[in-house]
Protein chains: 2
Amino acid sequence: MELAIQPSDVRAAAERIRPLARRTPLVRSAGFDAEAGARVFFKCENFQKGGAFKIRGAANLILSLPPAALARGVVAYSSGNHAQAVAIAAGHVGAQATIVMPRDAPRSKMESTRAYGGLIITYDRATESREAIADRIQKDTAATLVPPFDHPMIMAGQGTAALELLDEAGPLDAVITPVGGGGLLSGCATIAKELEPAIRVFGGEPEGANDTFLSLMAGERIAVQPNTIADGLRVPKPGVLTFPIVQRLVERVALVTDDEIRATVRFLLLRLKILVEPSGAAGAAAVLFHKLPRELRTIGVVLSGGNIDFEDLTRYAPPVTQT
Amino acid sequence: MELAIQPSDVRAAAERIRPLARRTPLVRSAGFDAEAGARVFFKCENFQKGGAFKIRGAANLILSLPPAALARGVVAYSSGNHAQAVAIAAGHVGAQATIVMPRDAPRSKMESTRAYGGLIITYDRATESREAIADRIQKDTAATLVPPFDHPMIMAGQGTAALELLDEAGPLDAVITPVGGGGLLSGCATIAKELEPAIRVFGGEPEGANDTFLSLMAGERIAVQPNTIADGLRVPKPGVLTFPIVQRLVERVALVTDDEIRATVRFLLLRLKILVEPSGAAGAAAVLFHKLPRELRTIGVVLSGGNIDFEDLTRYAPPVTQT
């Protein structure tokens, strides 16, 4: 089967999104390396515009739309980071963005989406279908749907994170990204395997949203009921377009518990002094808790976002120990 | 009166500490600039080795000691960041560091100091004098005292933060640092005024530890009883050596409240995704809350450290607002 994107699509995306997406820094930590037993290169997408990697994909799709389409606006459904990214990219080209968000999305993500000019329509996660709502808006307005992951332009855009990572870090044994719908992972795997054919690509996925893990085992797309603190990775099923690439290019998806994610968020915060949201730390958690092959000496880790409410963060206190 | 350090001392320090101190990144934030009404360049000493600028001064002094002195070890008293810095610098040259710390110092700072090989001796802040304890250790062991701020080598070392800041940011209207004992401020003012004679230098000081503010008003060193969340700035009185430089080169000390410091810590955390401790945010708070002259267009801000316990951080939740 033909894969949805090729490495050339990621390179084209890198050119297209240059005016909008930041080239985020690569960060090292001797303390993390010591715990992980490997040399780790963190690609800090928490410092990305909008606070997450999502601007890469959204900008790639939206900046490729013709003026007539932009005039009709764009629509997206998202629990948060994709929403902000669509609002930013649409605002950049003067298009109206309508965002369908669950009523219980983190407040900070809603506020930022609004601040960037996005029009928010909320829905009840339990009783309503965001796809149906987005579909209706799309029919009413003829706006272009900007899907969160299952679209070649989105996948190619997300891959630019790995393009920059490998360009700066040089040859690596492995690269790992968080896995939600697989947009980031498939895009990064596509370009990483071209740049360094011997590189090993992994995903980090919460145990409570292990759809990609199970799907790889089954050899077909399996649906789950997500239950994890990593709100950005609460995707029930891998994408139609992303999954074949993950199957072909990704060695394995490593599962991490919510406690491991919390501990990783704390480590990155207290030791590296950077704020990473739970979803953004799933890959790092897999490395910190030794879920990857031991022989890996150098690992690129995409920290995919840093958007979190203060109140949520305060709940990630370490388990009480005797003093 | 002759000032304790000259710009050439800061340049010499930069050479001396190169093997040990990091050249920390300069960070920008469109969101902070919009709130502050100025273009702000953050010198991120929270990413410094040991999590604070203190390694600059400690390394400058310790790396200048002759082998015979190093063999007798070093001793320091500190509520935290200076302690870690002395432990790191001493460890680097194989010297024993003994650190006198208050019993209620942040746990993370104690643990790090120990992890770096420092021997900790605790005292009761209310009933004992840390100077007296350090003095006794010094007499018993003939160790070299590494004072937290009031020493030319310490002041010159801290000034290297501004040297790097101005080197990278280019000409600025102003620079501001937090003020505790004045080591960082006096060192930074010394080099900044040489590099750019027209630059205006400010300090950011908590209202609850306003000794330097009051001293500048009085024209002499005034003592206060510090009471602020900014534990690193709880210094009762400006230094004998630092104060004349502050008097000569610093335009004004801006006072900030603990609430303003908390809000700034949250802003830096949630918007810039970086962890800065309360003491480290005093300069940024003065800028964010418009305590500096309105006409300043470009401001260099030293974020002096990022060491904070998770439990302390969770206490900095924003005031409850209606939703």
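Points about the packing of aromatic side chains
Residues and elements named next belong to chain A. A full pass over the atoms with the stated rule returns 4 aromatic pairs over all chains. Residues F32 and F267 carry aromatic rings whose centres are separated by 5.5 Å and whose planes lie at 90 degrees to one another, so their mutual orientation is edge-to-face. With a gap of 235 residues between them, F32 in helix 2 (residues 30-36) and F267 in helix 12 (residues 258-270) connect regions that are remote in the sequence. The exposure class of F32 is buried, given its relative accessible area of 0%. Taking the relative accessible area as the measure of exposure, F267 reaches 13% and is therefore buried. Stacked on the ring of F41, the Lys or Arg R28 has its end atom at 4.4 Å from the ring centre.

With respect to the relation of the copies chain B and chain A
Between the two copies of this chain, the relationship is a rotation about some axis together with a displacement along it. Superposing chain B onto chain A requires a rotation of 180 degrees together with a translation of 0.0 Å along the rotation axis, leaving an RMSD of 0.0 Å. Considering both components of the superposition, the chain copies are consistent with a two-fold axis. A high fraction, 100%, of the interface residues of chain B reappear at the interface in chain A, so the copies pair face to face through one surface.

Describing the nonpolar core
Counting residues in each nonpolar core, the largest one holds 80 residues, and the members touching the most others are A:F32, A:F42, A:L268, B:F32, B:F42 and B:L268. The contact partners of A:F42, leaving out residues within four places of it in the chain, are A:P25, A:L26, A:V27, A:F32, A:L268, A:L272, A:A284, A:V301 and A:L303.

As for the interface of chain B and chain A
Listed per partner, the contact involves 21 residues of chain B and 22 residues of chain A. For the pair chain B and chain A, the two sides together bury roughly 1,700 Å², of which 74% comes from carbon and sulfur. The interface formed by chain B and chain A includes 0 salt bridges. Our count for the chain B to chain A interface comes out at 6 residue pairs in polar contact (both at pLDDT 80 or more). Those elements that provide at least two residues to the side of chain B that touches chain A are helix 12 (258-270) and helix 14 (310-314) of chain B.

As for helix 11 (residues 242-249) of chain B
Residues and elements named next belong to chain B. Where burial is concerned, most of helix 11 is hidden: 6 out of the 8 residues are buried. Along helix 11, the positions that sit buried rather than exposed are T242, F243, P244, I245, V246 and L249. Where the residues of helix 11 are buried, they touch helix 8 (152-169), helix 9 (183-195), strand 8 (200-206) and helix 10 (211-218).

With respect to the environment of A:L214
Residue and element names in this part refer to chain A. When you line up the elements, L214 lands in helix 10 (residues 211-218). For L214, a relative accessible area of 31% translates into the label partly exposed. Among residues more than four places away in sequence, those in contact with L214 are I222 and V224.

Brief notes about the environment of A:K109
All names here are of chain A. Checked against the element boundaries, K109 lands in helix 6 (residues 107-115). Through-space distance from the C-alpha of K109 to that of L119 is 13 Å; in sequence the pair is 10 residues apart. Here K109 is in contact with S79, G80, N81, Q84, M101, D231, E277 and N307, once residues within four sequence places are set aside.

A word on unusual backbone geometry
All names here are of chain A. Its identity is not glycine, yet K273 carries a phi of approximately 65 degrees, on the positive side. Among the secondary structure elements, K273 is positioned in the loop between helix 12 and helix 13 (282-288). Positive phi, close to 55 degrees, is recorded for H290, a residue that is not glycine. You can see H290 is positioned in the loop between helix 13 and strand 10 (298-303).

Overview of the sheet that holds strand 8 (residues 200-206) of chain A
Residue and element names in this part refer to chain A. If you walk across this open sheet you meet the 6 strands as 1-2-10-7-8-9, and the pairing is mixed. This sheet does not close on itself; its edge strands, each paired only once, are strand 1 (26-27) and strand 9 (252-256). Relative to strand 10, strand 7 (residues 174-178) runs parallel, the two sharing 3 bridges. Residue pairing in the sheet places V175 in a bridge with G300 of strand 10. Contacting strand 1, strand 2 (39-44), strand 7 and strand 10, helix 8 (residues 152-169) runs over the sheet at an angle of about 135 degrees to strand 2.

What to know about the confidence of the model for chain A
Residue-level pLDDT values for chain A average 94, and 98% of them are 70 or greater. What the predictor reports for the complex is a pTM of 0.93 with an ipTM of 0.91.

Thoughts on the packing of helix 3 (residues 54-62) of chain B against helix 5 (residues 81-92) of chain B
Relative orientation and spacing of two packed helices are given, respectively, by the angle between their axes and the distance between those axes. Residue and element names in this part refer to chain B. Remark: helix 3 packs on helix 5, axes separated minimally by 8 Å, with the N-to-C direction vectors making an angle of 40 degrees. It follows that helix 3 is oblique to helix 5 by the angle criterion. As helix 3 runs across helix 5, the sense of the crossing is right-handed. The segment helix 3 lies against helix 5, with K54, I55, A58, A59 and I62 engaging N81, H82, A85, V86, I88, A89 and A90. By residue class, the composition of the contact of helix 3 with helix 5 is 9 nonpolar, 2 polar and 1 charged.

Thoughts on the pattern of salt bridges
Residue and element names in this part refer to chain A. Applying the stated criterion across every chain, the model contains 34 salt bridges over all chains. Of the charged contacts, one joins E45 and R56 as a salt bridge, the two residues approaching to 2.7 Å between their closest N and O atoms. Placement of E45 in the loop between strand 2 and helix 3 (54-62) and of R56 in helix 3 is noted, with a sequence separation of 11 residues between them. Residue classification places E45 among the buried positions, given a relative accessible area of 0%. For the salt bridge of E164 with R56, the shortest nitrogen-to-oxygen distance reads 2.9 Å. Of the two residues, E164 is situated in helix 8 and R56 in helix 3; the sequence distance between them amounts to 108 residues. Judged by relative accessible area, which is 14%, E164 ranks as buried. Within this structure, K43, E45, R56 and E164 form a network of salt bridges that share partners.

With respect to the side chain of B:T264
Mapping B:T264 onto the fold places it in helix 12. When near neighbours in sequence (up to four residues on either side) are disregarded, B:T264 contacts B:A281, B:A284, B:A285, B:L288 and B:F289.

Quick notes on the rules
- Counting of residues starts from 1 at the beginning of each chain's written sequence and follows it residue by residue.
- As a convention, the first chain written is A and the first ligand written is 1, with the rest following in written order.
- The predicted nature of this model means local features are confined to residues of pLDDT at least 70 and side-chain atom pairs, given and counted, to a pLDDT of 80 or more, with totals for whole chains, interfaces and linings taken over all residues.
- Only hydrogens and water are set aside when side-chain values are computed; all heavy atoms of the structure are taken into account.
- Two rings from Phe, Tyr or Trp (for Trp, the six-membered ring) form a pair when their centres sit within 6.5 Å of each other. Planes less than 30 degrees apart are called stacked, planes more than 60 degrees apart edge-to-face, and all others tilted.
- To qualify as a helix, a DSSP run of H or I must reach at least 4 residues; to qualify as a strand, a run of E must reach at least 2; elements of each kind are numbered from the N terminus.
- Between buried and exposed lies partly exposed: a residue is buried under 20% and exposed over 50% of the maximum accessible area for its type, with that area taken using a 1.4 Å probe on protein chains only.
- When the NZ atom of lysine or the CZ atom of arginine is within 6 Å of a ring's centre and also within 35 degrees of its normal, the charge is said to sit over that ring.
- Here the copies are matched by least squares. The fit uses the C-alpha atoms of residues with pLDDT of at least 70 in both.
- The contact criterion used throughout is that any non-hydrogen atoms of two residues lie within 4.5 Å.
- We call a set of buried residues a nonpolar core when its members are Ala, Val, Leu, Ile, Met, Phe, Trp, Tyr or Cys and they connect through side-chain atoms within 4.5 Å of each other.
- Here's the idea: put two parts together, see how much 1.4 Å probe accessible area each one loses, and the total over both is what we call buried area.
- Note on definitions: salt bridges are taken to be side-chain nitrogens of Lys or Arg within 4 Å of carboxyl oxygens of Asp or Glu.
- Under this definition, polar contacts are N or O atom pairs within 3.5 Å; protein pairs additionally need one hydrogen-donor-capable and one acceptor-capable atom, and for neighbouring residues in sequence, both atoms have to be side-chain atoms.
- Think of it this way: DSSP has to see at least two bridges between two strands before they count as a pair.
- With axes taken as lines fitted to C-alpha atoms, and helix axes fitted only over the stretch in contact, angles between N-to-C directions fall between 0 and 180 degrees.
- Per-residue confidence from the predictor is given as pLDDT, running between 0 and 100.
- When describing relative orientation, an angle under 35 degrees is termed roughly parallel and one over 145 degrees roughly antiparallel, while 65 to 115 degrees is termed roughly perpendicular and anything else oblique.
- Whether a crossing is left-handed or right-handed is set by the direction in which the near helix is turned from the far one by less than a right angle, anticlockwise for left-handed and clockwise for right-handed.
- Think of it as three bins: nonpolar holds Ala, Val, Leu, Ile, Met, Phe, Trp, Tyr, Cys and Pro, charged holds Asp, Glu, Lys and Arg, and polar takes everything else, Gly as well.

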